[in-house]
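# Structural overview
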Amino acid sequence: MSAHIAYLDGPRLRRSLVAACEYTRQQRQELNRINVFPVPDGDTGTNLGLTVEAIADRLRRNRDRAVSAVADDAAEAALLGARGNSGMMLSHFLVGFAAHLKGRERVDPRGFAEALGRGIDNLYNALDNPVEGTILTVIRDTANAAKESSATDFLPCVDRLVDAARESLERTPSLLPVLEAAGVVDAGGRGFVHMLEGVLLLINGDPIVASGDETDYAHVPAAVAEVEYPGNEEQYRYCTEALVRGEGLPASAVVREELRRHGDSIIVVSTGALLKVHVHTDGPEGVFSYLRTLGRLATKKAEDMRAQHAAARHGGGGHQTLVRRPFAIVTDSGNDLPEDIIRAHGIHVVPVVLVDGGRPLRDGIDITAEEFHEKMRDAGGELPTTSQPPPQAFVDGFARAAEDGDQILGVVLGSGVSGTFGSAQAAARTFEEAPVHLFDSCGVSILEGLLVLKAAELAESGASAGEILAELSRVRGQSGIFATVDTFDRLLHSGRVGKGQAWFGGMLGVKPILSLTGEGKVVPVGKVIGRKKVLPAVLGLLEDRIPAGARKLRFGVVHVGCPEIVEEVSAALHARYGDVDILGGPTAPIFATHLGLGAWCLAYMVED
């Protein structure tokens, strides 16, 4: 870094935020251990870590030169990835911060201080019941220090902000009796201090790596394990979060007023066509039903805070004991779940590998589904081949998951269509850091994804490993998927049909419909002549599969380069089955390369 930094532009802000997020993510176990407010459920580090990971992942792909564009990208990523009280508050702060920088190419220390002030004002105005002694206080004191500074150079400015944040953090126990009683500072506030420390490490040219030394509070046993659940103060059981997408969404104040009927600890973040909600409640479904009246409910989750606290107390011993969620969910990148859902539930994804001219590409990391679909449009016939993840990739995935969960639950691509499940089994046999429970989805694409999502929801509800696996098995027995292709090009290229079949089918406009058996084997279940007949035929097959009287249904619709089909199929499903959850998006390269452009899949899950 330069000896004098007079301004921040897009690249400088991006590097600073990535360093801040990476350093904070490394501290999540410490933050979990000292998490006693508002509920001692030991997940502040996990939630804040997942929030900043979403920001860093987005910014690593950002190439904007303007500071405003980078700030906007960070704010949106924070909003989409926000988890827990601290993550939601951080996202609200960043939304205000970005709003002040709108239209600017660069910003000096004075303008930066003003943006911090706008961020904290935005945060205070959004909270239903601001509580001092939390991340809120630490951010405010930091913003005030920036406002009072006369520095024209970011180097001394950042030094001063770090000092102010640390001083504010040290005062948090005097503001919150529960912190003082446990002998710790606020976990969310400490997370914000770590963000600033990450920026300072970057400026000083130091590695963005946690020192590994014991912290000031490392002598304290896992505080969350020593604190009783605050049954008198915290009357609600489920930490409930949701993301709504849509036009004309109501103002945050309107949504907060309605949510007061359902619970407390309410945070509502609204920006453009996105609305993110956090509330503690005993009736998550009532919250979700209300939010569906506002727009499309893109993600929803409800974690049992009492079960989390019980798990943390069970695991809490000395300061070396990790405080984690009961379960971490692992899957492969063939699951086709939208990124919003992956982020919301903290699901760990092991990428399937594509081989492009001898060069390996990690699905979802080196190439996205949309990029692959565009590549299909331009390719003359040669496309990357697919390769299952090696066992080591699952070992690495299990290791990341073990940092967040006491046990690991893997829901993997069906063994009947891929060797991916075998790789996961081989990895599980050698993995010793945490128990691994594997479930063969006997599915592909969004059918696998629906089962992954179900596993995450069951884990969040406090179910045991045996209960989760049994319920997944039951639900898989009454769920399925249909796939249809528009052309035979990719099936011909992969050798799945012969030249004669492809020619004849193409001439007649034949559209085959494929499905999976309960064991995960691909079987043809129908064919029609012409595109217009495909959807009615698939809906007819679906009608035959779904038991009469079934009420608890969930669907998934994915496509290869034809996003308009998602809306068309979703409208037909809503017309027939009412207000049901429907997940939609592009399908992963490992399926797209075999199905071809214009193909689409409809998965269904019967849960009752």
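Residues numbered from 1 in each chain as written. Predicted model: local features only at pLDDT ≥ 70, side-chain atom pairs only at ≥ 80, totals over all residues. Heavy atoms only, no water.

## Some words on the environment of Arg118
With respect to the helices, strands and loops of the structure, Arg118 is situated in helix H6 (residues 109-126). Residue classification places Arg118 among the partly exposed positions, given a relative accessible area of 39%. Arg118 sits 19 residues away from Ala99 along the chain, and the two C-alpha atoms are 7.9 Å apart. Arg118 has contacts with Gly96, Ala99 and His100, leaving out every residue within four places of it along the chain. (Helix = DSSP H or I, 4+ residues; strand = E, 2+ residues; numbered from the N terminus. Buried < 20%, exposed > 50% of the residue type's maximum accessible area, 1.4 Å probe, protein only. Contact = heavy atoms within 4.5 Å.)

## Some details on the pairing of strand E16 (residues 581-586)
On a regular strand, each side chain points to the face opposite its neighbour's, so the side chains alternate between the two faces of the sheet. Note that strand E15 (residues 553-559) and E16 share 6 bridges and pair parallel. In the strand pairing of E16, Val557 is matched with Gly584. For the crossover that starts at E15, traverses helix H24 (residues 564-577) and ends in the parallel E16, the hand is right-handed. (Pairing = 2+ DSSP bridges. Right-handed = clockwise from strand over helix to strand, strands pointing away.)

## With respect to the confidence of the model for the protein chain
Confidence along the protein chain averages 88 in pLDDT terms, with 89% of residues attaining 70 or more. The low-confidence segment residues 316-320, where pLDDT is below 50, has 13 contacts with residues more than four positions distant or belonging to other chains. Confidence drops under a pLDDT of 50 for residues 497-508, and excluding neighbours within four residues, the segment shows 12 contacts in the predicted structure. (pLDDT = per-residue confidence, 0-100.)

## A short note on the packing of aromatic side chains
Inspection of every chain in the model, using the stated rule, returns 8 aromatic pairs. Seen in terms of ring centroids, Phe93 and Phe192 are 6.2 Å apart; in terms of plane orientation they differ by 90 degrees. Their pairing is edge-to-face. Remark: Phe192 occurs in helix H10 (residues 187-204) and Phe93 occurs in helix H5 (residues 84-100); sequence separation between them is 99 residues. We classify Phe93 as buried; its relative accessible area is 4%. Both rings, one in Phe398 and one in Phe431, keep their centres 5.7 Å apart while their planes meet at 65 degrees; by these two values the pair is edge-to-face. Here Phe398 is found in helix H17 (residues 391-402), whereas its partner Phe431 is found in the loop between helix H18 (420-430) and strand E11 (436-440), with 33 residues between them in sequence. Given a relative accessible area of 0%, Phe398 falls into the buried group. Aromatic rings pair up to connect Phe93, Phe97, Phe112, Phe154 and Phe192 into one cluster. Of note, Arg12 hangs over the ring of Tyr7, and the distance from its end group to the ring centre comes to 4.5 Å. (Phe/Tyr/Trp six-rings, centres within 6.5 Å; stacked < 30°, edge-to-face > 60°. Lys NZ or Arg CZ within 6 Å of the ring centre and 35° of its normal.)

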